[in-house]
Amino acid sequence: MQVHVFENAKQVGQAAATLFAAQLLRKPDSVLGLATGSSPIDCYQQLIQWHKAGILDFSKCVSYNLDEYCNLPVEHECSYHAFMNAQLFDHINMKETHVPNGNAEDLQAECARYDAAIQAAGGIDMQLLGIGRNGHIGFNEPSDHFVFGTQIVNLTESTIQANRRFFESEKDVPRQAISLGIGGIMAAKEIVLIAMGEDKAQAIRDTVYGEVTPKVQASILRNHPHVTILVDKAAASLL
């Protein structure tokens with residue numbers, strides 16, 4: 001596990017974009033694992049700039065997103081389908097993009113289908129992660145165990161409150177999500193985790209120095225051979 005500390009959030013995003021650009025240049029047909037939320041936006045904006053400048057070509061690349069809300073229409077502005085289209089996919093020439101279907105009639109079957117699709121694609125070459133205040137990655141919330149496969153998750157109150165700012169009211173925030181499991185994340189060949197802000201400092205400290213425990217799902221990353229953590233000074237304040 002390597003930890004790199006930057007002055008501010010924009011530098012974190014640019015550093016993450018540099019790693020993904022290097023992956024794409026090294027292997028144009030890469031399978032990328034992507035994330036949503038406010039943390040990856042600077043990274044995506046930099047990738048878009050490099051694509052428009054003719055530096056990056058995504059035409060042979062495919063992506064699989066970490067997660068999606070359940071029972072939220074894909075056209076809803078807060079869905080992760082809509083987020084990824086607006087923040088990245090509509091601006092580059094990605095060959096294929098995949099986001100789990102949180103509206104599937106059989107959600108358990110969708111979980112199994114998504115895992116099988118990633119495996120059939122050859123597995124994820126580089127996975128981008130954010131981290132929740134409670135140490136969750138994807139939507140894998142604190143638990144008594146680590147879950148291997150893609151799963152349906154009941155969101156904790158802290159996660160609901162953290163996502164409240166994206167919706168008109170708290171009652172509009174979905175209570176469930178479909179998420180790549182810890183096993184799926186750990187199967188990625190390389191992992192890049194980004195975190196910004198003082199409210200992520202405890203989660204970062206617990207991830208880097210704490211006990212490996214499902215109570216802090218990100219702590220399992222210490223058992224992965226190729227993890228890079230990129231943080232700003234505020235998120236690194238407890239290291």
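The structure under discussion appears in the preceding block.
Rules of the game
Throughout, a residue's number is its position along its own chain's written sequence, starting from 1. In view of the model being predicted, local features appear only for residues whose pLDDT reaches at least 70, and side-chain atom pairs are presented and counted only at 80 or more, with totals across whole chains, interfaces and linings using the full set of residues. Hydrogens are left out, water is left out, and the side-chain values use all remaining heavy atoms of the structure. Helix and strand assignments follow DSSP, with helices taken as H or I runs no shorter than four residues and strands as E runs no shorter than two, numbered in order from the N terminus. The quantity called the radius of gyration is restricted to C-alpha atoms. Its globule counterpart is 2.2 Å times the number of residues to the power 0.38. With a 1.4 Å probe rolled over the protein chains alone, any residue whose accessible area is under 20% of its type maximum counts as buried; one over 50% counts as exposed, and the rest are partly exposed. The contact definition used throughout considers only heavy atoms, calling two residues in contact when any of these lie within 4.5 Å. Reported accessibility uses the Shrake-Rupley method at a 1.4 Å probe radius. Residues are deemed covered only where the shown protein chains occlude them. Note that His is not counted, nor are the chain ends; the positive residues are Lys and Arg, and the negative ones are Asp and Glu. Every charge is mapped to an atom, namely NZ of Lys, CZ of Arg, CG of Asp or CD of Glu. Throughout this description, the term salt bridge denotes a Lys or Arg side-chain nitrogen within 4 Å of a carboxyl oxygen of Asp or Glu. Aromatic pairs are defined between Phe, Tyr and Trp rings, using the six-membered ring for Trp, whenever the two ring centres lie within 6.5 Å; interplanar angles under 30 degrees are classed as stacked, those over 60 as edge-to-face, and all others as tilted.

Caption draft 1: Spotlight on the overall build of the protein chain. For the protein chain, the helix and strand inventory stands at 7 helices and 10 strands. Taken over the C-alpha trace, the protein chain has a radius of gyration of 17 Å; the compact-globule value for 239 residues is 18 Å, and the two agree within 12%. Taking the principal axes of the C-alpha coordinates as reference, the protein chain spans close to 45 × 45 × 35 Å. Within the span of the protein chain, comprising 239 residues, buried residues form 54% of the whole. Of the contacts made within the protein chain by residues no fewer than 6 positions apart, 80% connect residues no fewer than 24 positions apart. Approximately 10,600 Å² of the protein chain is accessible, and the part contributed by carbon and sulfur atoms is 50%. On the protein chain, the mean spot of the 18 positive side-chain charges and the mean spot of the 27 negative ones are 5 Å from each other.

Caption draft 2: View of the environment of Phe167. Counting through the fold element by element, Phe167 comes out in the loop between helix H5 (157-163) and strand E8 (176-179). By relative accessible area, Phe167 is classed as buried at 7%. Sequence separation between Phe167 and Glu77 is 90 residues, and the spatial gap between their C-alpha atoms is 9.1 Å.

Caption draft 3: Inspection of helix H3 (residues 80-87) at higher detail. Residues of H3 that are buried include every one of Tyr80, Ala82, Phe83 and Met84, and no others. In this structure, the buried residues of H3 make contact with strand E2 (31-34), helix H2 (41-52), strand E3 (62-65) and strand E4 (67-69).

Caption draft 4: Representation of the side chain of Thr159 in the model. Note on placement: Thr159 falls in helix H5. Judged by relative accessible area, Thr159 falls into the buried class, the value being 2%. In this view, Thr159 contacts Asn134, His136, Phe139 and Glu141; residues no more than four positions away in its chain are not counted.

Caption draft 5: Representation of the side chain of Ser39 within the structure. Structurally, Ser39 can be placed in the loop between E2 and H2. Judged by its relative accessible area of 12%, Ser39 is buried. Look past the residues within four positions of Ser39 in its chain and what remains in contact with it is Ile194, Met196 and Lys200.

Caption draft 6: Examining unusual backbone geometry more closely. A positive phi angle, near 60°, is found at Asn71, a position not held by glycine. Within the secondary structure layout, Asn71 lies in the loop between E4 and H3. Using a relative accessible area of 61% as the deciding quantity, one classes Asn71 as exposed.

Caption draft 7: A look at the pattern of salt bridges. With the rule as written, the count across this model stands at 9 salt bridges. As a salt-bridge pair, Glu190 and Arg26 come within 3.7 Å of each other at their nearest N and O atoms. Taken as a pair, Glu190 in strand E9 (residues 190-195) and Arg26 in helix H1 (residues 9-26) lie far apart in primary sequence, 164 residues in all. We note a salt bridge from Asp125 to Lys189, for which the minimum N-O separation is 3.4 Å.

Caption draft 8: Structural context of the environment of Asp125. Note that Asp125 resides in the loop between helix H4 (107-120) and strand E6 (126-129). On a C-alpha basis, the gap between Asp125 and Met1 in space is 17 Å, while along the polypeptide they are 124 residues apart. Excluding residues that lie within four positions of it along the chain, Asp125 makes contacts with Gln23, Lys27, Ser30, Val31, Lys189 and Glu190.

Caption draft 9: Highlighting the packing of aromatic side chains. This model, assessed by the stated rule, comprises 5 aromatic pairs. Each ring, one from Tyr64 and one from Tyr114, has its centre 5.8 Å from the other, and the planes form 75°; the classification is edge-to-face. In this pair, Tyr64 sits in strand E3 while Tyr114 sits in helix H4, placing the two residues 50 residues apart along the sequence. Tyr64 sits in the buried class, given a relative accessible area of 5%. Here Tyr114 falls in the buried class, since its relative accessible area comes to 1%. Taken together through their ring pairs, the aromatic side chains of Tyr69, Tyr80, Phe139 and Phe167 make up a single cluster.

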